[in-house]
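An overview of the molecular structure
Here is what each chain is made of, one letter per residue.
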Amino acid sequence: MAATPLTAAQLDEALTALPDWTADGGRLTAAFKLDRADVPALYAAVAAAEDEANHHAEVTILYGTIGFALSTHDAGDAITALDTTTAARLTALALAHGARPANG
């Protein structure tokens, strides 16, 4: 059974709980800044959490910034509740590793 994309109202509600994330081109995106030396530990924690959830973000790393983009392939690359749950988990991991939102 395919995942169900969030409605616009559901997405707006979800984004109120995810202030560091935006809906961008059918994906949830966020970026966090941290010391370059701390990026590998954060990425290792992210990879473990993604594997546990069997849901993986597109991850970009540039110097001391780690970016995430989420969508659900089974929902036609739309944003689903799985993406918002994963976004909350990635935010918690980033903050636990000393990262701060890149947009703040």
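Residues numbered from 1 in each chain as written. Predicted model: local features only at pLDDT ≥ 70, side-chain atom pairs only at ≥ 80, totals over all residues. Heavy atoms only, no water.

**With respect to the overall build of the chain**
Regarding its fold elements, the chain presents three helices and five strands. Across the chain, helices and strands are ordered from the amino to the carboxyl terminus as α-β-β-α-β-β-α-β. Relative to a compact globule of 104 residues, whose C-alpha radius of gyration would be 13 Å, the chain shows 13 Å and is just as compact. Buried positions account for 37% of the 104 residues belonging to the chain. For the chain, the share of sequence-separated contacts (at least 6 apart) that also reach a separation of at least 24 residues comes to 66%. For the chain, the accessible area works out to roughly 5,900 Å², and carbon and sulfur atoms hold 54% of it. Side chains of the chain carry 5 positive and 13 negative charges; the gap between the two charge centres is 12 Å. (Helix = DSSP H or I, 4+ residues; strand = E, 2+ residues; numbered from the N terminus. Rg over C-alpha atoms; globule rule 2.2 N^0.38 Å. Buried < 20%, exposed > 50% of the residue type's maximum accessible area, 1.4 Å probe, protein only. Contact = heavy atoms within 4.5 Å. Areas by Shrake-Rupley, 256 points an atom, 1.4 Å probe, with all protein chains shown as cover. Lys, Arg positive; Asp, Glu negative; His and termini not counted. Charge placed at Lys NZ, Arg CZ, Asp CG, Glu CD.)

**Some words on the packing of helix α2 (residues 39–53) against helix α3 (residues 81–96)**
Two elements in contact, α2 and α3, have axes whose closest approach is 10 Å; the angle formed by their N-to-C orientations is 155 degrees. Compared by their axis directions, α2 and α3 come out roughly antiparallel. Of the two possible hands of crossing, α2 and α3 adopt the one that is right-handed. Across the interface between the two elements, Leu-42, Ala-45, Val-46 and Ala-49 of α2 pack against Arg-89, Leu-90, Leu-93 and Ala-94 of α3. Classifying every residue of the contact of α2 with α3 gives seven nonpolar, no polar and one charged. (Axes fitted to C-alpha atoms, helices over the stretch in contact; angles between N-to-C directions. Parallel < 35°, antiparallel > 145°, perpendicular 65-115°, else oblique. Left-handed = near helix turned anticlockwise from the far one by under 90°. Nonpolar A, V, L, I, M, F, W, Y, C, P; charged D, E, K, R; others polar.)

**Section: the nonpolar core**
Counting residues in each nonpolar core, the largest one holds 21 residues, and the members touching the most others are Trp-21, Leu-28, Phe-32, Leu-42, Phe-68, Leu-70 and Leu-90. Among the secondary structure elements, those contributing two or more residues to this core are β2 (27–33), α2, β4 (65–70) and α3. (Core = buried A, V, L, I, M, F, W, Y, C linked by side-chain atoms within 4.5 Å.)

**Considering the pattern of salt bridges**
Summed over the entire model, instances satisfying the criterion amount to one salt bridge. Close ionic contact of Glu-58 with Arg-27 constitutes a salt bridge, the shortest N to O distance being 3.2 Å. One end of the pair, Glu-58, is in strand β3 (residues 58–62); the other, Arg-27, is in strand β2, and 31 residues separate them in sequence. Take Glu-58: its relative accessible area is 46%, and that puts it in the partly exposed class. Classification of Arg-27 as partly exposed rests on a relative accessible area of 28%. (Salt bridge = Lys/Arg side-chain N within 4 Å of Asp/Glu carboxyl O.)

**Describing the side chain of Thr-86**
Its place among the elements puts Thr-86 in helix α3. Sequence-distant contacts of Thr-86, that is, excluding residues within four places in its chain, are made with His-55 and Leu-70.

**Observations concerning the pairing of β4**
Taking burial as the measure, the six residues of β4 include five buried ones, the bulk of the element. Here six bridges tie β2 to β4, and the two strands are oriented antiparallel to one another. Note on β4: the bridge partner recorded for Lys-33 is Thr-65. In this structure, β3 lies alongside β4, joined through five bridges in antiparallel fashion. Across the sheet, residue Ile-61 finds its bridge partner in β4, namely Ile-66. Here β3 hands over to β4 after two residues, with Tyr-63 in that stretch at a positive phi of 55 degrees. (Pairing = 2+ DSSP bridges.)

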